[in-house]
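Listed below are the residues making up each chain.
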Amino acid sequence: MNVGKNIKYIGVNDRDITLFEGQYNVPNGMAYNSYVVLDEKIAVFDTVDKNFQTEWLSNLESALCGKAPDYLIVQHMEPDHSANIAVFAEKYPKAVIVATDKAFVMMKNFFKTDFPDRRLVVADGDSLSLGQRTLRFFTAPMVHWPEVMVSYEESEKVLFSADAFGKFGTTDAKEDWACEARRYYFGIVGKYGVQVQNLFKKLSGYEITTICPLHGPVLKENLEYYLALYRTWSSYGVESNGVFIAYTSVYGNTEKAVKLLERRLSAQGEKVVVTDLARSDMSEAVEDAFRYGKLVLATTTYNGDIFPFMREFIHHLVERNFQNRTVGFMENGSWAPIAARVMRGMLEKCKNLQYVESGVKILSALSEENEKEIYALADELCQK
């Protein structure tokens with residue numbers, strides 16, 4: 001596939017993978033992207049997962065048309081992108097490996113060598129001429145590993161963005177980009193919003209016409225849409241107005257309360273999304289918590305704590321710097337309900353959370369008083 005004039009895609013689609021990074025469901029597979037820039041000098045951008053070595057090398061040879069590459073640009077050392085560096089180095093012994101100093105440290109850890117006789121260490125703003133084209137490099141530490149860099153091809157204004165702007169799914173997956181890109185971002189990059197914002201600042205003076213990520217499709221049309229979403233996500237802004245209700249329920253009583261709240265909110269014109277944490281994909285729930293501006297947590301007291309799926313969910317939010325949201329609580333307990341206090345305590349590390357004053361405390365089963373509390377909670381949420 002031609003990305004631009006003499007810029008070719010040589011990546012692969014993994015249609016057999018079920019769990020990415022051992023935890024994220026990927027029903028539509030995963031893409032491991034790699035690119036070649038053909039000029040007086042030839043640069044290859046990243047390799048692919050080890051399971052696709054043969055296919056990738058075949059794609060590379062086809063793009064080279066009998067020529068030999070001069071550079072391997074290593075933007076990210078995670079094994080789904082770096083696994084074939086040593087194989088490449090052996091096959092093309094004259095090629096120079098270009099990466100950050102931290103990337104070369106990782107290469108030695110992975111491959112027992114940092115290629116001392118054929119390496120080029122680059123730092124922020126450094127450039128590399130390929131002839132008619134010039135590559136400029138920008139470090140992107142913690143987006144989402146410390147060694148990451150992105151590359152900008154100046155003549156066609158192409159950004160090779162490493163894992164930024166990536167998504168779950170193969171390059172040809174028939175699905176909405178934002179949904180799986182959002183889940184990917186908040187699952188993998190979400191903790192590092194400040195670092196993503198810093199990268200935006202470095203790139204602010206450069207026009208971008210094409211984005212070539214290491215996962216998902218090449219982005220060319222309507223780039224401002226993708227850039228705007230990343231600005232919102234990385235600043236922990238609200239993408240969509242609405243209420244996300246995340247709950248667990250043992251015997252159905254907490255669920256009844258949640259359904260009543262959902263109906264009350266919907267009747268007042270509020271967008272409502274409801275997830276049973278025990279029966280849903282955790283990464284989908286995390287995605288929705290960051291998408292919407294209001295969050296309601298509803299769970300039971302369990303073993304003097306809270307139900308395990310709710311604890312795990314809140315842990316994911318805190319780990320990813322959940323902030324700038326309105327939060328309400330619903331709790332259930334038969335003799336010593338403490339769930340609301342525990343949940344709020346877990347969120348103490350989060351910034352800029354506004355808590356709803358109205359709360360719901362269920363004692364085993366829903367009561368008339370609880371119904372009044374739920375209506376009050378709904379009314380206050382709608383006013384926020």
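Before reading on, note that the structure itself is shown above.
Everything in this summary refers to the structure shown in the same document. (Residues numbered from 1 in each chain as written. Predicted model: local features only at pLDDT ≥ 70, side-chain atom pairs only at ≥ 80, totals over all residues. Heavy atoms only, no water.)

1. Observations regarding the side chain of Asp-39
- For Asp-39, the position within the fold is in the loop between strand S7 (35-38) and strand S8 (42-45).
- Despite its burial, Asp-39 pairs with no opposite charge; the closest candidate is Arg-133, at 4.2 Å N-O.
- One polar contact links the side chain of Asp-39 to the main-chain amide nitrogen of Gln-132, over a distance of 2.9 Å.
- In this structure Asp-39 touches Leu-130, Gly-131, Gln-132 and Arg-133, once residues within four positions along its chain are discounted. (Helix = DSSP H or I, 4+ residues; strand = E, 2+ residues; numbered from the N terminus. Buried < 20%, exposed > 50% of the residue type's maximum accessible area, 1.4 Å probe, protein only. Lys, Arg positive; Asp, Glu negative; His and termini not counted. Salt bridge = Lys/Arg side-chain N within 4 Å of Asp/Glu carboxyl O. Polar contact = N/O pair within 3.5 Å; in protein donor to acceptor, adjacent residues only side chain to side chain. Contact = heavy atoms within 4.5 Å.)

2. Observations concerning the sheet that holds strand S13 (residues 134-139)
- Reading across the sheet, the 5 strands line up as S12-S13-S14-S15-S16 and stay open at both edges, with mixed pairing between neighbours. Two strands in the sheet have a free side with no partner beyond their single neighbour: strand S12 (127-129) and strand S16 (210-212). Averaged over neighbouring strand pairs, the angle between their axes works out to 20° when direction is ignored.
- Strand direction decides the pairing type here: strand S14 (residues 149-153) and strand S15 (residues 158-160), joined by 3 bridges, are antiparallel. Opposite Ser-151, over in S15, you have Phe-160 as the bridge partner.
- Where helix H6 (residues 193-203) meets the sheet, it contacts S13, S14 and S15, and its direction lies at approximately 145° from that of S13. (Pairing = 2+ DSSP bridges. Axes fitted to C-alpha atoms, helices over the stretch in contact; angles between N-to-C directions.)

3. Describing the sheet that holds S8
- Across the sheet, 7 strands lie side by side as S1-S2-S7-S8-S9-S10-S11; this open sheet has mixed pairing. A single partner strand is all that each edge strand has here, and the edge strands are strand S1 (2-4) and strand S11 (119-121). The average undirected angle you get between the axes of adjacent strands in this sheet is 25°.
- Along the sheet, helix H4 (residues 101-111) contacts strand S10 (96-99) and S11; its crossing angle with S10, the most-contacted strand, is approximately 120°.

4. Notes on the pattern of salt bridges
- Here the structure, examined in full by the defined rule, presents 19 salt bridges.
- Note that Asp-114 and Arg-119 form a salt bridge whose closest N and O atoms lie 3.3 Å from each other.
- Of the residues examined, Asp-114 reaches a relative accessible area of 18% and is grouped as buried.
- In this structure Arg-119 comes out as partly exposed when scored by relative accessible area, which is 37%.
- A salt bridge links Glu-239 to Arg-182; the nearest nitrogen and oxygen atoms lie 2.7 Å apart. One end of the pair, Glu-239, is in the loop between helix H7 (223-234) and strand S17 (240-247); the other, Arg-182, is in helix H5 (residues 177-189), with 57 residues separating them in the sequence.

5. Structural notes on unusual backbone geometry
- With an omega of 5°, the peptide bond between Val-143 and His-144 qualifies as cis.
- Note on placement: His-144 falls in the loop between S13 and S14.
- Even without being glycine, Ala-162 reaches a positive phi, approximately 55°.
- Mapped onto the fold, Ala-162 is located in the loop between S15 and H5.
- Since its relative accessible area comes to 0%, Ala-162 is described here as buried.
- With a phi close to 60°, Asn-324 is a non-glycine residue in the positive phi region.

6. A look at the packing of H5 against H7
- Running from N to C, H5 and H7 point in directions that differ by 35°, and their axes come no closer than 12 Å. Of the two elements, H5 crosses H7, and the hand of that crossing is right-handed. Along its contact with H5, which presents Trp-177, Ala-178, Ala-181, Arg-182, Tyr-185 and Phe-186, the element H7 presents Tyr-225, Tyr-226, Leu-229, Tyr-230, Trp-233 and Ser-234.
- Of the residues in the contact of H5 with H7, the class split is 10 nonpolar, 1 polar and 1 charged. (Left-handed = near helix turned anticlockwise from the far one by under 90°. Nonpolar A, V, L, I, M, F, W, Y, C, P; charged D, E, K, R; others polar.)

That's the geometry; what it means functionally is another story.
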